[in-house]
Amino acid sequence: GQQQTDPDGKKKKKRFKMGSTRVKRMMKQQLQHRSQKKKQRLDDDANVNSSKKRPNFEDEEILSSDEEVVGPKGQKNDIEQDDFFMTEETADEKHIRLAKDLISQIGAEKKKDSEDEGEEVVAEDDRITQRLQESHLESQGKIFRFHASSVIKKDHDVTFRKCHKAPITAVVISLDERYVYTASKDCSIVKHDLQTGSRVVYKGKKHDREAEGHFDEIMALAISSDGKYLASGGKDRLIKIWNTQTDSLIDTFKGHRDTVTALVFEFRSHELFSGSADRTVKQWNVADMAFMDTFYGHQSNILAIDSVVKARVVTSGSDASCRMWKTDQGSQLLYKFPETNVDCIKCVSAEYFVTGSQGGRVSLLHASKKKPIFSTESGEQDDWITALGVSRYGDIVCSGNVNGVLQCFGVDTKERELNELFKLNVPGVINGIAIAQSANFAVIATSKEPRLGRWFVNNKGKTGIHIVKLKADKQ
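Residues numbered from 1 in each chain as written. Predicted model: local features only at pLDDT ≥ 70, side-chain atom pairs only at ≥ 80, totals over all residues. Heavy atoms only, no water.

**Student:** What exactly am I supposed to notice about the confidence of the model for the chain here?
**Tutor:** Low-confidence regions, as indicated by low pLDDT, have predicted coordinates that should not be scrutinised in detail. Here the chain shows a mean pLDDT of 82. Residues at 70 or above account for 73%. Note that pLDDT drops below 50 for residues 1-5; the model gives that stretch two contacts with residues more than four away or on any other chain. In this model, residues 51-87 is a region of pLDDT below 50 whose contacts with residues beyond four sequence positions or in other chains number ten contacts. (pLDDT = per-residue confidence, 0-100. Contact = heavy atoms within 4.5 Å.)

Rendered as C-alpha cells:
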C-alpha cells in the first residue's frame, strides 16, 4: 500500500507513460512532414524538366517531307544520320548492298577499257549475273573450279625476289592478285606490288615496345577478301590490324597469352580468327575493332588455321589432331592423326581440307570422316611438310618441305585422292605458299630455317619469294 501512495513513484510512472506517447506522436509528425517535402520536391523537378525539354507544339507548322528540318541556329537537323535512329541491316538489305557494290565495281572496271556501247551493255549484264551467282555459291561453299588440267607440268617460269633480313614466316596474296605480303622474324612486313615492282615496309623493332609494328618475331599473316585489312601476329602475343590502302596501323588486339601462330579472315567478311600457342582460338570483329569469343579444345599448341565458309574454321596443332569449329553453334569436330605434329592445314572447299605433318604426309580429309580419306606415302624423317597452299574453291594443292621440294597435286573429288602434277626444287626451307585465286601463279616463301624454330639451318637457302607460273599464257 505504501508503494501505491508514494507520490514520487506515481510521478515517475506517469512521466514515463507520457514520454513514450509524445515520442511516437513526434516521430509520426516528422515522417509525414518528410514525405510531404519529398513529394513537393519531385513535383517541382517535374515541372522544371517539362518546361525545359517540352517545346510548345500548339502553333508549330508541320513541314512536308520535301522540306528540310532546320535547327535553332539555321543548321540542318539530319535525324537520319543519328546512330540512335539507325536500325540493324537485314539479310535482304545486305544482299542488295553487296549487289550494288558489285555493280559499281564492275562499272569502274569497264571504264578502263570501254568498247562498243551495244556490246558493252550485254557483256556487262552477263558479267554481273555471273559474278552474283559466283558470290552466292561461294557464300554457301558450293562452287568448285577445275584448274589442274591446265597446270604446266615442267619447265616452269620462276622469278625470285629477295626481301627481309631474317627468315620469312608467312606470305599472303590479295584477292585482286596485285599485292603480295610477307612477314619475317625481323619484325617487319613487306608489301610487294607485282605490277610496278615497288615495295612498302611496315616496320617493327625487336624489344622496342614503343614501335608502331611488332616488337618480336611475326609468325602469321591474313588479308581480308576485299583487301582492306591486313592482320599480323607473332611472339609478342599481339595482333596488329593494318590499313592496306594507307599502309598504316589501325589497331592492336590483345588477349592471347602466348605466341599468335595462325590467322585467317572469314571469306567475304571482316571477322578474324586467331590461333595461338596458348591452345585457344579467338574470334574478332575487325570492322568494329572488337573481341567476340574464345574457343577451347586443343591440348597443345595450335599451329595452323583456315576457313572458307561462314562460321566454319579448321585448325591443326602439335597435339596430333585437327578440329573443325562450328562457331555459330559453339561445337567442334575432332580428327586424330598418328603423327605428333600437324603443322599445316588448308581448306579446299566446304567439304574437303588438306593437312601436312612432320612425318612427310599430305592428307586429304572430308568433313564427315574422322580419318583421312587419302594420304601420300610417308617420306623420310627430313621430309617434314612445313607449308601448304591451295587454290580457294579449286582443285590445286601445293606442299613444301624442309628440303625445298615443292610438290603440286590435283584434287580428284570423285575418286577422293590427290594426283601429283609436278615437283620443283627451290633453295631453302619452304615456310609459306600462297596460290592466286585464278591459279595462274603461286608465291613460295623460302628461308634458311623453319618458321617455328631454329632446329637446323640450311646455309644454301635463300631468303625471299619465288613466283612460280602455274598456267601457260593464253594465246
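**Student:** Would you take a moment to explain the sheet that holds strand β4 (residues 189-193) for this structure?
**Tutor:** Sheets are built from strands that pair by backbone hydrogen bonding, the pairs being arranged parallel or antiparallel. With antiparallel pairing, four strands are arranged side by side in an open sheet as β2-β3-β4-β5. At either margin of the open sheet sits one strand with a lone partner, and together these are β2 (168-173) and β5 (199-202). The sheet shows a mean angle of 20° between the axes of neighbouring strands, direction not considered. Inspection of the sheet shows strand β3 (residues 179-184) paired to β4 by five bridges, in the antiparallel sense. Within β4, the residue paired with Val180 across the bridge is His192. (Pairing = 2+ DSSP bridges. Helix = DSSP H or I, 4+ residues; strand = E, 2+ residues; numbered from the N terminus. Axes fitted to C-alpha atoms, helices over the stretch in contact; angles between N-to-C directions.)

**Student:** I tried to follow unusual backbone geometry on my own but got confused; where do I start?
**Tutor:** The phi angle of most residues is negative, glycine excepted, and most peptide bonds adopt the trans form. Despite not being glycine, Asp247 shows a phi value in the positive range, around 55°. The residue Asp247 is located in the loop between β8 (238-243) and β9 (248-254) in this model. Non-glycine residue Met289 carries a positive phi angle of around 55°. Structurally, Met289 can be placed in the loop between β12 (280-285) and β13 (290-296).

**Student:** Whenever I open this one, the pattern of salt bridges confuses me. Can you help?
**Tutor:** Pairing between side chains of opposite charge can happen when their charged atoms approach one another. The final tally for this structure, using the stated rule, is eight salt bridges. Note that Glu217 and Lys206 form a salt bridge whose closest N and O atoms lie 3.5 Å from each other. Separated by eleven residues along the polypeptide, Glu217 in the loop between β5 and β6 (218-223) and Lys206 in the loop between β5 and β6 bring together distant segments of the chain. Exposure remark for Glu217: the relative accessible area of 12% places this residue in the buried category. Judged by its relative accessible area of 38%, Lys206 falls in the partly exposed class. Across the pair Arg312 and Asp328 runs a salt bridge whose closest N-O atoms are separated by 3.3 Å. With Arg312 in strand β15 (residues 312-317) and Asp328 in the loop between β16 (321-326) and β17 (331-336), this residue pair connects regions lying 16 residues apart in the sequence. What you see here is one network of salt bridges that share partners, running through Lys185, Glu449 and Arg454. (Salt bridge = Lys/Arg side-chain N within 4 Å of Asp/Glu carboxyl O. Buried < 20%, exposed > 50% of the residue type's maximum accessible area, 1.4 Å probe, protein only.)

**Student:** Would you take a moment to explain the pairing of strand β25 (residues 417-425) for this structure?
**Tutor:** Along any regular strand the residues' side chains alternate between the sheet's two faces. Sheet topology places strand β24 (residues 405-412) next to β25; eight bridges connect them, and they run antiparallel. Across the sheet, Gly410 pairs through a bridge with Asn419, a residue of β25. Remark: four residues form the turn of the hairpin made by β24 and β25, two consecutive strands paired antiparallel; Arg416 in that turn has positive phi of roughly 55°.

**Student:** Explanation requested: empty space enclosed by the protein in the structure shown.
**Tutor:** Over the atoms rolls a probe the size of a water molecule, and its path tells where empty space is left. Overall, the coordinates contain one cavity of 30 Å³ or more when judged by the stated rule. As for the largest cavity, its lining consists of 48 residues, and the residues nearest its centre are Val171, Val172, Leu221, Lys346 and Ile433. Of all the secondary structure elements, the ones that give two or more residues to the lining of the largest cavity are β2, β6, β10 (260-265), β14 (302-309), β18 (342-347), β22 (385-390) and β26 (429-435). Residues belonging to the lining of the largest cavity are distributed by class as follows: 31 nonpolar, ten polar and seven charged. (1 Å grid on protein atoms, 1.4 Å probe; cavity = no way out; pocket = protein on both sides within 12 Å on 5 of 7 lines; lining within 4 Å. Points joined across faces, edges and corners; volume = space filled by probe spheres on them. Nonpolar A, V, L, I, M, F, W, Y, C, P; charged D, E, K, R; others polar.)

**Student:** I would appreciate a short explanation of the pairing of β9 in the present structure.
**Tutor:** As defined by bridge partners, β8 adjoins β9 across six bridges and the pair is classed as antiparallel. Bridge pairing in β9 links Ile239 to Phe253. Where β8 folds back on β9, the antiparallel hairpin that results is connected by four residues, among which Asp247 adopts a positive phi of roughly 55°.

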